[in-house]
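# Observations on the model geometry
In case you want the letters, here they are:
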Amino acid sequence: MKKPDLIVVVHLSATAIHTVIGQIHSAQDIRIIGLSTVKNHDFSQGTIRHRERLKSAIKQSIQNAEDMANCRVNSVWLSFSTPDLQSVNSVGEVKIKHDIVQAKDVVAALTQAKNKHLTDDLYLMHYAQQGIALDGNAEMIDDAIGMQASDLMVLYHLMMMPVKGRQNLQQLLQECDVSIDQMLFDAVSTAEYGLLPEEKYHGVCLIDIGASTTSVCVYREDKLIYTHCFAEGGHHATLDISMLLDVTIAEAENMKKSQASVDRHGIDSSQFFTIKRSQHDDEKTINMLELLEVTEARYISILGHIKKELDKEGLSEFLQQGYVITGGGAEMRGLLPLAKKIFANKVNKVNQHSAISAYTQYGDDDKLRTIAAMIGERKYQTAFGTLLYSQSEAFHHSEKSSPDSLQVKPMREKLKTVNKFFGKFF
């Protein structure tokens, strides 16, 4: 029996470092043997705030997962969000010299596609193949290697970040004694975990509201066609409450979790509650409607910015399956009714994925129960999604385009074909 592959994921969030170790038996059978969370606030909005503390937290998270899995980690898949993300749909086109499409032809297509947008200060952190057209055919296919053709055109969604940001993360992980196998935008990871195939096919937008950022991606006909990261998240609501209601950030965070709502129909505007303020050594009485108005304003801002961008890109009308919302910031009471009102579409929470299960090699029932309980926690969904993405057809199709440079002469784009394909989306 073939020994299963081990893949390790480190997910950097603004509140914690999450590490997951998975045994990959198949795309439908991924067994979690180790996982860990270490709280840390030194990676925010894609920026390292305190290098040594962050490095210590990453090391601790990896070590805890290693100890649970009884293995040692040498390399990881890294998932995170950054408002510095720059995304674009691009196309590469090459002439087939020997009438049979070879791997080097697909590589050349990616090289051409990225060279149109990748400047010296940008790094291609992740890309997704959207389709391949042979000889100007508007009907897209996923894999052309070995097929007969004279012309090859490959469409990609490119996700880029500043080179210096990538180098800082790479150096940091190296000092944690691990290398980086792949980098993924966290919304793509979460989408792999939480979206159904029919949602991706018929058009869906995933919204991952984190503490410091909100990550968004859009799928249509099972293809990734849009990604964006907004520099605004659930913690901004906490800061608003702290400033406008004159309480500490810790008191505001507790108030947000225990009392706040963004559903006007779900609160009693005549209701008040009292909190003890440590900073002033007194008590403050707050009206529920006042708290709602502060919190609601921030969430309207977050969702409103998303809607504005999707409308600008002409994507909103193609979202037949609506919106799927996840992330710590999505735990806000009344968020679904508010989002439905803003987007004028159906809105749901993420679906759980059946391929993820708990496993221990040595029949340790207590450890198995511990892992099974941890798997149910929302905070690991992005890391689980990264494991799932590593086995996805989308990833394997894209991997047939190597990021190694193979220079080809730029050719005139067949705009008619490209426009016909993207006309389904935009």
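Further up the page is the structure itself.
Since we're looking at a predicted model, the values are computed, not measured. (Residues numbered from 1 in each chain as written. Predicted model: local features only at pLDDT ≥ 70, side-chain atom pairs only at ≥ 80, totals over all residues. Heavy atoms only, no water.)

## Description of the sheet that holds strand E10 (residues 179-185)
Operational definition: Strand pairing follows a simple DSSP-based rule, namely that at least 2 bridges must link the two strands. In this description a helix means any DSSP run of H or I spanning at least four residues, a strand means any run of E spanning at least two, and both kinds are numbered starting from the N terminus. For helices, the axis comes from a line fit to the C-alpha atoms of the stretch in contact; other axes are also lines fit to C-alpha atoms, and the angle between any two N-to-C directions lies between 0 and 180 degrees. Contacts are assigned to residue pairs that have any heavy atoms within 4.5 Å of one another.
Pairing is mixed across the open sheet formed by 6 strands, whose spatial order is E10-E6-E1-E2-E3-E18. In this open sheet, the two strands that pair with only one neighbour each are E10 and strand E18 (356-358). Mean inter-strand twist for the sheet, computed between neighbouring axes without regard to direction, equals 35°. One ladder, built from 3 bridges, connects strand E1 (residues 5-12) with strand E6 (residues 75-80); its direction is parallel. Each residue of the ladder has a partner; that of valine 9, found in E6, is tryptophan 77. Contacts from helix H3 (residues 163-175) reach E1, E6 and E10 within the one sheet, and its direction differs from that of E10 by about 135°.

## With respect to the packing of helix H6 (residues 234-245) against helix H7 (residues 249-258)
Just so we agree on the cut-off: Crossing chirality is assigned from the near helix's rotation relative to the far helix, an anticlockwise turn below a right angle marking it left-handed and a clockwise turn marking it right-handed. In this classification, the charged set is Asp, Glu, Lys and Arg, the nonpolar set is Ala, Val, Leu, Ile, Met, Phe, Trp, Tyr, Cys and Pro, and all remaining amino acids, among them Gly, are polar.
At a minimum axis distance of 8 Å, the contact between H6 and H7 shows a crossing angle of 115°. The handedness of the crossing between H6 and H7 comes out as right-handed. Between H6 and H7, the residues in contact are Gly234, His235, Ala237, Thr238, Leu239, Ile241, Ser242 and Leu245 and Ile249, Ala252, Glu253, Met255 and Lys256, respectively. Of the residues assigned to the contact of H6 with H7, the class counts are 7 nonpolar, 4 polar and 2 charged.

## Describing the pattern of salt bridges
Heads up, the rule is: By definition here, a salt bridge exists when the distance from a side-chain nitrogen of Lys or Arg to a carboxyl oxygen of Asp or Glu is within 4 Å. Categorising residues by exposure relies on relative accessible area from a 1.4 Å probe, with only protein chains included: less than 20% of the type maximum marks a residue as buried, more than 50% marks it as exposed, and the intermediate range marks it as partly exposed.
For the coordinates displayed, the defined rule picks out 23 salt bridges. A salt bridge links aspartate 67 to arginine 72; the shortest N-O distance between them is 3.8 Å. Classification of aspartate 67 as partly exposed rests on a relative accessible area of 43%. When salt bridges with common partners are traced through the structure, they connect Arg51, Glu52, Lys55 and Glu175 into a single cluster.

## Observations concerning the pairing of strand E15 (residues 282-287)
Bridge count for strand E14 (residues 272-277) against E15 is 6 bridges, and the pairing is antiparallel. Each bridged residue has a counterpart across the sheet, and for phenylalanine 272 the counterpart in E15 is asparagine 287. Hairpin connection, E14 to E15: the antiparallel pair is bridged by 4 residues, and aspartate 281 has positive phi, about 50°.

## A word on the pairing of strand E16 (residues 323-326)
Under the convention used in this document: If the strands point away from the viewer and the path from the first strand over the helix to the second runs clockwise, then the crossover is right-handed.
The alternating pattern of E16 places Tyr323 and Ile325 and Val324 and Thr326 on opposite faces, both of which are buried. Traced from E16 through helix H9 (residues 335-343) to strand E17 (residues 347-349), the parallel crossover comes out right-handed.

## Comments concerning the side chain of arginine 220
Filter applied, for reference: A positive count includes Lys and Arg, and a negative count includes Asp and Glu. His and the chain ends are not counted in either. Polar contact is defined as a pair of N or O atoms within 3.5 Å, subject to the rule that within protein one atom must be able to donate a hydrogen and the other to accept it, and that residues adjacent in sequence are counted only when both atoms are side-chain atoms.
Turning to its location among the elements, arginine 220 is positioned in strand E12 (residues 214-220). The charged side chain of arginine 220 is buried without a salt bridge, its nearest counter-charge being glutamate 221 at 4.9 Å. A distance of 3.0 Å separates a polar side-chain atom of arginine 220 from the backbone oxygen of phenylalanine 318.

## Some remarks on the sheet that holds strand E13 (residues 223-230)
What holds strands together in a sheet is hydrogen bonding between their backbones, with the strands either parallel or antiparallel. Taken in spatial order, the 5 strands make up an open sheet running E13-E12-E11-E16-E17, and their pairing is mixed. The open sheet has two edge strands with one neighbour each: E13 and E17. With strand direction ignored, the average angle separating the axes of adjacent strands in the sheet is 20°.

## Observations regarding the environment of isoleucine 62
Structurally, isoleucine 62 can be placed in helix H1 (residues 51-69). Overall, isoleucine 62 belongs to the buried group, its relative accessible area being 4%. Here isoleucine 62 is in contact with Val10, Thr19, Val73 and Val178, once residues within four sequence places are set aside.

## Focus: the packing of aromatic side chains
What counts is decided by this rule: Aromatic pairing here means that ring centres of Phe, Tyr or Trp (its six-membered ring) are within 6.5 Å. Orientation follows from the plane angle: under 30 degrees is stacked, over 60 is edge-to-face, and everything else is tilted. Only when the NZ of Lys or the CZ of Arg is both within 6 Å of the ring centre and within 35 degrees of the ring normal is a charge said to sit over the ring.
Counting across every chain of the model gives 7 aromatic pairs. Lysine 200 extends its terminal NZ or CZ atom over the ring of tyrosine 219, reaching a point 4.8 Å from the ring centre.

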